[in-house]
Amino acid sequence: MSKVPVRVDGRELVLSNLGKVLYPEDGFTKAEVIDYYTRVAPVILPHLRGRPLTVKRYPNGVEGPFFFEKNAPEHTPGWVRRVRLPVPGSTKNRETIDFAVVDDLPTLAYYANLAALELHVPQWRVSGDGEALPPDTLVFDLDPGPPATVVECCEVALLLRDVLRAEGLTALPKTSGNKGMQLYAGWDCREEPSAYAKRLAQLLEKERPDQVVSVMARKARPGKVFIDWSQNNPAKTTVAPYSLRARQHPTVSTPLLWEEVEGCEHPDDLVFTAADVLDRVAEHGDLFARA
């Protein structure tokens, strides 16, 4: 096993298996994954800081087995921030989990070295003392039911943007990095977020029954866009802005300009790889930075 000691912002790390190919279709290696996360750190870290981390790890690449990991591994360095939080209803019958919190570049690099390709976080943060804070983000996950694609998601996103605007909320769009997209908005805790999001999803479903569905049942989804309002449940997480996805190619959950949403005519219009996203950040900065 090849090991390379490095120093990242004053922290000692040992990187391993840098030549291992994690995206075989592109020959994209673990070294390139670490390089991507290191270079995108200035824009991804603001969306990870303070949020308990869940990762999807692919130690043998995207074509191999993977596992979700919430509990910080036993070998996690002492300088990685951890918070112990209750997890009612845990599938592993645990009362608490020691979550890692990615507050800095060394922690981000540490997880990239674990082949944690996907970084998922909830819509709430923890305080400096590790206490869960009220949600600060509202999210709508738009999932197209075939033959619908992200093109149809864009049409629904524009409708949802207008509904949110009428409610005094500013929506920001991003791709999921998979087949759909998400809308985010800053949240002021005016009511329980899942109930609020469900109500808006049902409103659009009533107005556009040929386009929108708000129920989980897959049999209701073909040709429509499912607005998944349940992502606002505090126990759930959503892929973070700028996170890689474990797809055939190293695609990224990419913040978008509304002009791109309005102009989307083909699913390929909104597919962005790690290299694309680094170019976009150089041009636009963080499109998810709230005014």
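Everything numeric here is computed off the predicted structure, so don't read it as measured data. (Residues numbered from 1 in each chain as written. Predicted model: local features only at pLDDT ≥ 70, side-chain atom pairs only at ≥ 80, totals over all residues. Heavy atoms only, no water.)

Asker: Sorry, what's going on with the packing of helix H1 (residues 30-48) against helix H6 (residues 274-284) here?
Answerer: Geometrically, a packed helix pair is captured by the angle between its two axes and the distance between the axes. Following both chains from N to C, one finds H1 and H6 inclined at 35°, their axes separated by 10 Å at the closest point. Helix-helix and strand crossings are classified by hand; for H1 and H6 the assignment is left-handed. Contacts between H1 and H6 involve Tyr36, Arg39, Val40 and Val43 from the first element and Ala274, Val277, Leu278 and Val281 from the second. (Axes fitted to C-alpha atoms, helices over the stretch in contact; angles between N-to-C directions. Helix = DSSP H or I, 4+ residues; strand = E, 2+ residues; numbered from the N terminus. Left-handed = near helix turned anticlockwise from the far one by under 90°. Contact = heavy atoms within 4.5 Å.)

Asker: What should I look at first to understand the pattern of salt bridges in this one?
Answerer: Note that side chains of opposite charge can pair when their charged atoms are close. Tallied over the full model, the rule gives 18 salt bridges. For Arg39, the salt bridge identified is with Asp35, shortest N-O distance 3.4 Å. Of the two residues, Arg39 and Asp35 both sit in helix H1, four residues apart, roughly one turn of that helix. The class of Asp35 is partly exposed, set by a relative accessible area of 37%. Where Glu262 meets Arg161, a salt bridge forms, and the shortest distance between an N and an O atom there is 3.3 Å. Taken as a pair, Glu262 in helix H5 (residues 258-262) and Arg161 in helix H3 (residues 150-166) lie far apart in primary sequence, 101 residues in all. One salt-bridge network, in which partners are shared between bridges, spans Arg161, Asp162, Arg165 and Glu262. (Salt bridge = Lys/Arg side-chain N within 4 Å of Asp/Glu carboxyl O. Buried < 20%, exposed > 50% of the residue type's maximum accessible area, 1.4 Å probe, protein only.)

Asker: Where do I start with the side chain of Gln182 in this structure?
Answerer: The residue Gln182 is located in strand E12 (residues 181-186) in this model. Only 3.1 Å separates the side chain of Gln182 from the side chain of Asp141, close enough to count as a polar contact. Of note is the side chain of Gln182, whose polar atom sits 2.4 Å from the side chain of Lys174. Setting aside chain neighbours within four positions, we find Gln182 in contact with Val139, Phe140, Asp141, Leu172, Pro173, Lys174, Thr175, Ser176, Thr238, Val239 and Ser253. (Polar contact = N/O pair within 3.5 Å; in protein donor to acceptor, adjacent residues only side chain to side chain.)

Asker: Sorry if this is basic, but what is going on with the sheet that holds strand E11 (residues 171-175) here?
Answerer: Strands belonging to one sheet form pairs held by backbone hydrogen bonds; the direction of such a pair is parallel or antiparallel. Read across the sheet, five strands follow the order E11-E12-E10-E14-E13 without closing on themselves; strand pairing throughout is mixed. Taken across any chain shown, the strands that pair with only one partner, and hence form the sheet edges, are E11 and strand E13 (212-213). Note that E13 and strand E14 (residues 225-228) share two bridges and pair parallel. Paired with Val213 across the strands is Phe226, a residue of E14. The sheet strands contacting H3 are strand E10 (137-144), E11, E12, E13 and E14, and the helix crosses E10 at an angle near 150°. Running at roughly 40° to E10, helix H4 (residues 193-207) makes contact with E10, E13 and E14 of the sheet. (Pairing = 2+ DSSP bridges.)

Asker: I keep staring at empty space enclosed by the protein and nothing clicks. Help me out?
Answerer: Rolling a probe over the atoms, with the probe sized like a water molecule, indicates the empty space that remains. Taken as a whole and assessed by the stated rule, the structure comprises two cavities of 30 Å³ or more. Considering only enclosed or pocket space, the largest cavity measures out at about 40 Å³ in volume. Considering the residues around the largest cavity, the lining is formed by Tyr242, Thr254, Pro255, Val277, Arg280, Val281, His284, Gly285 and Leu287. Across the lining of the largest cavity, the residue classes tally to five nonpolar, three polar and one charged. A volume near 30 Å³ is recorded for the second largest cavity. (1 Å grid on protein atoms, 1.4 Å probe; cavity = no way out; pocket = protein on both sides within 12 Å on 5 of 7 lines; lining within 4 Å. Points joined across faces, edges and corners; volume = space filled by probe spheres on them. Nonpolar A, V, L, I, M, F, W, Y, C, P; charged D, E, K, R; others polar.)

Asker: Please clarify how the pairing of E11 should be interpreted in this entry.
Answerer: In regular strands, side chains alternate between the two faces of the sheet. Of all the five residues making up E11, five are buried; the element is thus mostly covered by neighbouring parts of the structure. Along E11, one buried face is formed by Ala171, Pro173 and Thr175 and the opposite face, lined by Leu172 and Lys174, is buried too. Alignment of E11 against E12, held across five bridges, turns out to be antiparallel. In the strand pairing of E12, Leu172 is matched with Tyr184.

Asker: Would you take a moment to explain helix H2 (residues 105-113) for this structure?
Answerer: In an α-helix, one full turn covers 3.6 residues, which means residues spaced three or four apart are oriented alike. Most of H2 is tucked away: nine of the nine residues are buried. Along H2, the residues that are buried comprise Leu105, Pro106, Thr107, Leu108, Ala109, Tyr110, Tyr111, Ala112 and Asn113. Positive phi shows up at Ala115, right after H2, with a value of about 60°.

Asker: Before we go on, may I ask you to explain the environment of Glu74 in this structure?
Answerer: By the element assignment, Glu74 lies in the loop between strand E6 (67-69) and strand E7 (82-86). For Glu74, a relative accessible area of 83% puts it in the exposed group. Residues Glu74 and Tyr36, spaced 38 residues apart in sequence, show a C-alpha to C-alpha distance of 26 Å.

Asker: Looking at this structure, I do not really get the packing of aromatic side chains. What am I missing?
Answerer: The geometry of an aromatic ring pair is captured by the separation of the ring centres together with the interplanar angle, meaning the angle of the planes. Summed over the entire model, instances satisfying the criterion amount to seven aromatic pairs. Centroid distance Tyr23 to Phe28: 5.6 Å. Interplanar angle 80°. Geometry classified as edge-to-face. Take Tyr23: its relative accessible area is 0%, and that puts it in the buried class. Pairing Tyr184 with Phe288 gives two aromatic rings, centres 5.2 Å apart and planes at 65°, and the pair type is edge-to-face. (Phe/Tyr/Trp six-rings, centres within 6.5 Å; stacked < 30°, edge-to-face > 60°.)

Functional significance is not addressed by these values, which are geometric in nature.
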